[in-house]
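# Examining the three-dimensional arrangement
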Amino acid sequence: EYNTALAYQKDLEKQYKLLASISEIYMTMHLLDIENDIITEFSSTESVKKYVNHSSDAVNQMRNVMMNTVIPQDVEAALAFTDLTTISERLGSKKTIIDEFRGKHRGWFSAQFIVVDRDESGKITRLVFTTQNIDEMKKEQEKLIALSSVDQLTQLKNRHAYEMKIDELMQKEVFGIENNS
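A quick note: this is a predicted structure, and the numbers were derived from the prediction, not measured.

### Considering helix α4 (residues 72–81)
Burial in α4 covers these residues: D74, V75, A78, L79 and F81. Here the buried residues of α4 occupy an arc of 150° about the axis, which is enough to place them on one side. Exposed side of α4, more than 90 degrees from the buried face: Q73 and E76 are the residues found there. Those residues of α4 hidden inside the fold are in contact with α3 (58–69), α5 (87–91), β3 (96–103), β4 (107–118) and β5 (124–133).

### Observations concerning the pattern of salt bridges
The full count for this structure, using the stated rule, is 10 salt bridges. Between E168 and K165 there is a salt bridge, and its shortest N-O distance comes to 3.8 Å. You can see E168 and its partner K165 sitting in helix α7 (residues 159–175), three residues apart, about one turn around the helix. Assessed through its relative accessible area of 40%, K165 is described here as partly exposed. Where salt bridges share partners, they join E41, E46 and K49 into one cluster.

### Re the nonpolar core
With 24 residues, the main nonpolar core has M66, F113, L127 and F129 as its most contacted residues. Where this core is concerned, the elements lending two or more residues are α3, α4, α5, β3, β4 and β5. With near-sequence residues (within four places) excluded, L127 lies in contact with H30, L31, L32, I34, I87, L91, F113, I114, V115 and V116.

### So, the packing of aromatic side chains
With the rule as written, the count across this model stands at four aromatic pairs. Measuring from centroid to centroid gives 5.4 Å for F81 and F113, while their planes differ by 40°, and the two rings are tilted. In this pair, F81 sits in helix α4 while F113 sits in strand β4, placing the two residues 32 residues apart along the sequence. The exposure classification of F81 matches that of F113, with both residues buried. Their ring planes at 45° and their centres at 5.9 Å tell us that F101 and F109 sit as a pair that is tilted. Taken as a pair, F101 and F109 share a single burial class, namely buried. An aromatic cluster of three or more residues is present, and its members are F81, F101, F109, F113 and F129.

### As for the sheet that holds strand β1 (residues 28–33)
Strands sit in the order β2-β1-β5-β4-β3 across an open sheet of five strands; the sheet is antiparallel. A strand with exactly one partner marks an edge of an open sheet, and here the two such strands are β2 (38–43) and β3. Strand-to-strand twist of the sheet, defined as the mean angle between neighbouring strand axes without regard to direction, takes the value 20°. Contacts between helix α6 (residues 135–148) and the sheet are confined to β3, β4 and β5, with β4 contributing the most and set at about 120° to the helix.

### Some remarks on the pairing of β2
A regular strand places its side chains on the two faces of the sheet in alternate fashion. The pairing of β1 with β2 spans five bridges and is antiparallel. Within β2, the residue paired with H30 across the bridge is E41. If you look at the hairpin formed by β1 and β2, you'll find four residues sitting between the two strands, and D37 has a positive phi there, around 55°.

### Quick notes on unusual backbone geometry
Of note, D37 is a non-glycine position whose phi angle comes to about 55°, a positive value. One can find D37 in the loop between β1 and β2. Even without being a glycine, Q155 presents a positive backbone phi close to 65°. Checked against the element boundaries, Q155 lands in the loop between α6 and α7. Using a relative accessible area of 52% as the deciding quantity, one classes Q155 as exposed.

What counts, and where the lines are drawn
- Residues take numbers from 1 onward in each chain, read along the sequence in its written order.
- Local features in this predicted model are restricted to residues of pLDDT 70 or higher, and side-chain atom pairs are both shown and tallied only at a pLDDT of 80 or more, whereas totals for entire chains, interfaces and linings draw on every residue.
- In computing side-chain properties, one takes all heavy atoms of the structure into account and sets aside hydrogens as well as water.
- Buried, partly exposed and exposed residues are distinguished by accessible area as a fraction of the type maximum, computed with a 1.4 Å probe on protein chains only: under 20%, between the cut-offs, and over 50%, respectively.
- Helix and strand definitions here come from DSSP, where helices need a minimum of 4 consecutive H or I residues and strands a minimum of 2 consecutive E residues; each element is numbered from the N-terminal end.
- Taking the helix axis as origin, the arc is that swept by the directions to the C-beta atoms.
- Residues count as neighbours in contact if any of their non-hydrogen atoms are within 4.5 Å of one another.
- We define a salt bridge as a side-chain nitrogen of Lys or Arg found within 4 Å of a carboxyl oxygen belonging to Asp or Glu.
- Buried residues of nine kinds, namely Ala, Val, Leu, Ile, Met, Phe, Trp, Tyr and Cys, make up a nonpolar core once their side-chain atoms join them within 4.5 Å.
- Two rings from Phe, Tyr or Trp (for Trp, the six-membered ring) form a pair when their centres sit within 6.5 Å of each other. Planes less than 30 degrees apart are called stacked, planes more than 60 degrees apart edge-to-face, and all others tilted.
- Strands pair, by our definition, only if DSSP identifies at least two bridges between them.
- Only the contacting stretch of a helix is used when fitting its axis, a line to C-alpha atoms as for every element, and angles between N-to-C directions run 0 to 180 degrees.

So this is what it looks like as structure tokens:
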């Protein structure tokens, strides 16, 4: 038993070292131990750190950070995405899920859950949660969309622009969807 425990401890140390080295490419990176309700920070920003309350549980810490760092229009979606009480069901058999939100301090960012461990029944026990700044990518994407909607010779809107507008109007009419962008 001692050798098994020692091997397990060494394996955990390797995993932590690997996560620490990977964390440098992300804006934030945290290991979430769902079973023990523990969050381990590998990298973070000051705008996130000031909303972390280590005396509260992981679910409430995640909620508090999202409520205070995401713009009001995206808070509901961010809270749904980061809800740790439903993460096993939402991930199902997938290894990762990702979504994009607008932050109050740094613009657009992607948030991602990556499964590390599951128990025998398939329930997630440990996850990595990362955020990455994608503001520049979103700005480039907006430029490309704008360019794809205008005829370069006449500078008038093209057929693609009108098709996008028709789709937008149909969604508003059929589904009652408002475009907040």
